[in-house]
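Each chain, letter by letter, is given below.
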Amino acid sequence: MARSTKNSSTLRVTDLKEAWRDLSESPSLRAALGLFVLFVGLLGFIASASTLGTWTADYSAMELGFSQVIAQRGIEIQNILGSLGAAVGMLVTVRGFGAASLLLWSVVMAYGLKWGLGLPIKAGRWFRRSLLRAVLITSGFALIPWDFGDAVVGDYGRFLAQWSTHLVGSLGSALAWILATTVHVVWVFQLRPQQLGERLAARSAAFGAVDPVTVDSGAEPLVVADEELLPDEAPNVVDLMDITPVVPVSPVAPEPAMDIAPWDEPEDLPEPTLVSSTQDLDLEVDAIPEPEIVLPAAALAATPKASDLDPYDPRRDLSRYQFPTLQLLNDYGQTTTKVDQEELEANKERIVDTLRNYKIEIAKIKATVGPTVTLYEIVPEAGIRISKIKSLEDDIALSLSALGIRIIAPIPGKGTIGIEVPNRHPQMVSMRSVLASEKFQKSDMDLPLALGKTISNEVFVVDLAKMPHLLMAGATGQGKSVGLNAILASILYKKHPAEVKFVLVDPKKVELTLFNTIERHFLAKLPGTDEAIITDTTKVIHTLNSLCIEMDQRYELLKSAFVRNLKEYNTKFTARKLNPEEGHRYLPYIVLVIDEFADLIMTAGKEVETPIARLAQLARAIGIHLIVATQRPSVNVITGIIKANFPARIAFKVSAKIDSRTILDAGGAEQLIGKGDMLISSGNDLIRLQCAFLDTPEVEQVCEFIGGQQGYPDAYQLPEYESEESGLGGGGNYSADERDSMFEEAARIVVIHQQGSASLLQRKLKLGYNRAGRLIDQLEDAGIIGPFEGSKARQVLIQDEMHLNERLNNL
């Protein structure tokens, strides 16, 4: 029973915290609450002020009790706000802080102005100082031997005076009050009592009496020790020609339990006030005439400039943002590759025997064990043709009874031939182990992506900003969505919300919905849209064109700043060398992620391909990077224009060799074993990786951790894009003289048949394709048919001839 009561109370506290967080994040509710608090504070201020003059007349009435005063209408109340004002004044002023209660009501109004009108008021500091001043004022009135009246002094002040007098006497109370008041004034106004001593010392030094004193206020710098990181694992290399091969297994260091980059700053620090050493003080000291100083031209030129100010901090708006911790990810225990010596020896013997059957002798063979596959490097005897070994791929696979092997002949940069054989017991590569590696933690890349581990068991980290775009393809269920989650998680663990924004396109509507939680931190969207994750094809087209507008605007900013790329521009802006009044601003990286590109090509075609090709060609320098994934790697989806502008490509397992050639321009992806096994092509090199595993609950925990923190008021706003279809019904692009002579006849044919296609007009009106196409454009401009929808016929917006006549008359 006690446990259930404790749980229920904990739930109530949690519900209250969530309700307060929702209230603080809602601008409208926050404004309404602020105006209400402002109204209450104003009424309380008026009630207390009126009580100072009417408390003696209302005192006898209020002694009857507030309920009696409300019930009996014959009682006369002098307070300007009636019986309620008299009750509030009696409680807060007479029974409270006296005249100093007006300061407390000003604090209530300050909170109302801050919440309701958004004024930059530091209400917390105001409250603390006002409370201290109220205590000093009410106790000061009580210590003065003069009858100010109960309303001016207040019961709290009288109690403090009586207590201090009983403790240290009247003189001690007065001295303690003077000391407290002096300390408060010195602290609040940042006065320096040392100035008195410095002035007197300087005056005495002028007469040769006292040497001036110099105070050194230096402070030792804070030294923070580096936290322990997980070292990268050494590759497991086995020389199979030795009699007793020894496999080194590197120990796994404990993973760091830490936030990657905490960025806490104290709240409401007192703002320092610069006080000149010649500040006016209440001292009766004869002024010493100061000699006139003429500064040289070099000193006059050394006035502070904008570049001498503190650098601009883009993280200032979310200075309390906490990076996700590694504890949010699952710990799958020991992930070091276990070497089965018997398996290695058996595979080695089978490879050697198979090659010997075809009269191919091996001079040397060694194995490198990875998480899921083992690379056998062989050095054939002199005179053996490499092509002869490569042609035996199926025979070696048959002898090894493997799922599928891949022969690399030769291995780039080595004088060996590689044979990749799947392990009998593959090991999982967890996202936590990859993110905890020293290689990722200490990387200084702009957009680091921790993709997984290589065959040599090394963590593979690559910079998206240098790729600069990434194309992913593979069959259904082979790990594309997990790979996308790993890419997004890598950036979330390394970058601040002010430094990168995501544009997420999810035609399947279910793969990227988990990232809705971080909308106000990391996502970007079009103005006026409800959801940041784009699922509708029309909105995808608008978003891509909006990104093109953003790209053009950024290039104009780079041009005016005389820089060549985004990194140079942001460096110049943070150094305050660019004027924000001229349109300059800090530019975050924008990463466009498209989960199913084939569906967009099928429904929109060129309307999607053209802006994507334009972004891929031009957007690298201004920090817009594309990640495009598809499960159908055919040539009509991954066209030549797309491939030419995506030099970095990832291929998961595909069903046919032609699909591998479509993605990578080389075979090999059809020989992968699935479950995250992938090939990455960057230039001419093909690297085989085991993609890091990131489960859906882990993604959800990371997003909830980020989404539960303070964010921006809304998602990052992309430029507004007005499509050509936005003016349907106006007919503004074509005048009556510019329309075709057969415009009305074509409109009636389209409405009668309820089919908007150029082929229909060609058949019915016996026109050529070009003229029929122009008629279709004019009908769309007039609002009679809808926009282009790929291979489908256009929608007819007019249902009958009566409405058509009305539309034609309006035109």
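Quick notes on the rules
As a convention, each chain's residues are numbered from 1 in the sequence order in which they are written. Selection of residues for local features in this predicted model requires a pLDDT of at least 70, selection of side-chain atom pairs for listing and counting requires 80 or more, and totals for whole chains, interfaces and linings are taken over all residues. As a rule here, side-chain values come from all non-hydrogen atoms in the structure, and water together with hydrogens is ignored. Only protein chains enter the area calculation, which uses a 1.4 Å probe; residues under 20% of their type maximum are buried, those over 50% are exposed, and those in between are partly exposed. What counts as a helix is a DSSP run of H or I of at least four residues, what counts as a strand is a run of E of at least two, and both are numbered from the N terminus. By this definition, two strands are paired if DSSP reports at least two bridges between them. For helices, the axis comes from a line fit to the C-alpha atoms of the stretch in contact; other axes are also lines fit to C-alpha atoms, and the angle between any two N-to-C directions lies between 0 and 180 degrees. Between 65 and 115 degrees an angle is taken as roughly perpendicular, under 35 as roughly parallel, over 145 as roughly antiparallel, and anywhere else as oblique. We call a crossing left-handed when the near helix sits turned anticlockwise from the far one by less than a right angle, and right-handed when that turn is clockwise. We call two residues in contact when some of their heavy atoms are within 4.5 Å. Gly is placed with the polar residues, together with every amino acid not listed as nonpolar (Ala, Val, Leu, Ile, Met, Phe, Trp, Tyr, Cys and Pro) or charged (Asp, Glu, Lys and Arg). When charges are counted, Lys and Arg contribute as positive and Asp and Glu as negative, whereas His and the chain ends are disregarded. The salt bridge criterion pairs a side-chain nitrogen of Lys or Arg with a carboxyl oxygen of Asp or Glu, the two atoms within 4 Å. Given a helix with a known number of residues, its expected span is that number minus one, times 1.5 Å. Think of a nonpolar core as a cluster: buried Ala, Val, Leu, Ile, Met, Phe, Trp, Tyr and Cys residues, connected wherever their side-chain atoms sit within 4.5 Å.

Notes on the pairing of strand 13 (residues 648–651)
Here's step 1: Burial of strand 13 is two-sided: the residues A648 and I650 facing one way and the residues R649 and A651 facing the other way are all buried.
Here's step 2: Direction of pairing for strand 8 (residues 470–473) relative to strand 13: parallel, over a ladder of 4 bridges. When the bridges of strand 13 are listed, A473 appears paired with A651.
Here's step 3: As defined by bridge partners, strand 13 adjoins strand 14 (residues 677–682) across 4 bridges and the pair is classed as antiparallel. Bridging from a neighbouring strand, R649 pairs with S681 of strand 14.

A look at the packing of helix 11 (residues 341–357) against helix 13 (residues 393–400)
Here's step 1: Contact geometry for helix 11 and helix 13: axes closest at 9 Å, N-to-C directions at 140 degrees. With respect to helix 13, the element helix 11 is oriented oblique. Regarding helix 11 and helix 13, the two cross each other, and that crossing is right-handed. Along its contact with helix 11, which presents N347, R350, I351, T354 and L355, the element helix 13 presents D395, I396, S399 and L400.
Here's step 2: A per-class count over the contact of helix 11 with helix 13 returns 4 nonpolar, 3 polar and 2 charged.

A closer look at the environment of L81
Here's step 1: Along the chain, L81 turns up in the loop between helix 3 (66–71) and helix 4 (82–97).
Here's step 2: Looking at L81, the relative accessible area reads 33%, which means it is partly exposed.
Here's step 3: Between the C-alpha atoms of L81 and S48, which are 33 residues apart in sequence, the distance is 9.8 Å.
Here's step 4: Not counting chain neighbours up to four residues away, the residues in contact with L81 comprise L43, I46 and A47.

Let's talk about the side chain of K480
Here's step 1: The residue K480 is located in helix 16 (residues 480–492) in this model.
Here's step 2: Buried charged residue K480 carries no salt bridge. Nearest counter-charge: E596, at 5.5 Å.
Here's step 3: Not counting the four nearest positions on each side in its chain, K480 is found in contact with M472, A473, G474, A475, T630, Q631 and F652.

Focus: helix 27 (residues 769–781)
Here's step 1: Over its 13 residues, helix 27 extends 18 Å from the first C-alpha to the last, a length consistent with the 18 Å expected when each residue adds 1.5 Å.
Here's step 2: Among the residues of helix 27, A772, L775, I776, Q778, L779, E780 and D781 are the ones counted as buried.
Here's step 3: Contacts made by the buried residues of helix 27 are with helix 25 (743–753) and helix 26 (758–765).
Here's step 4: Following helix 27 by one or two positions, G783 adopts a phi angle in the positive range, close to 80 degrees.

Section: the nonpolar core
Here's step 1: In terms of nonpolar packing, the biggest core is built from 115 residues, with L451 and F515 touching the most fellow members.
Here's step 2: Here this core takes 9 residues from helix 18 (residues 537–561), the largest share from any one element.
Here's step 3: If sequence neighbours within four positions are ignored, L451 has contacts with F460, V462, I487, I650, M678, I680, L689, Q690, C691 and A692.

So, the pattern of salt bridges
Here's step 1: Per the counting criterion, the structure on display carries 22 salt bridges.
Here's step 2: K348 is paired through a salt bridge with E349; the nearest N and O atoms lie 3.4 Å apart.
Here's step 3: K348 sits in the buried class, given a relative accessible area of 12%.
Here's step 4: Linking D595 and K508 is a salt bridge whose minimum nitrogen-to-oxygen distance equals 3.7 Å. Placement of the pair is D595 in the loop between strand 11 (589–594) and helix 20 (597–604) and K508 in the loop between strand 9 (500–505) and helix 17 (519–522), with a sequence separation of 87 residues.
Here's step 5: Judged by its relative accessible area of 1%, D595 is buried.
Here's step 6: Among the charged side chains, a salt-bridge network with shared partners connects R406, E420, D677 and R688.

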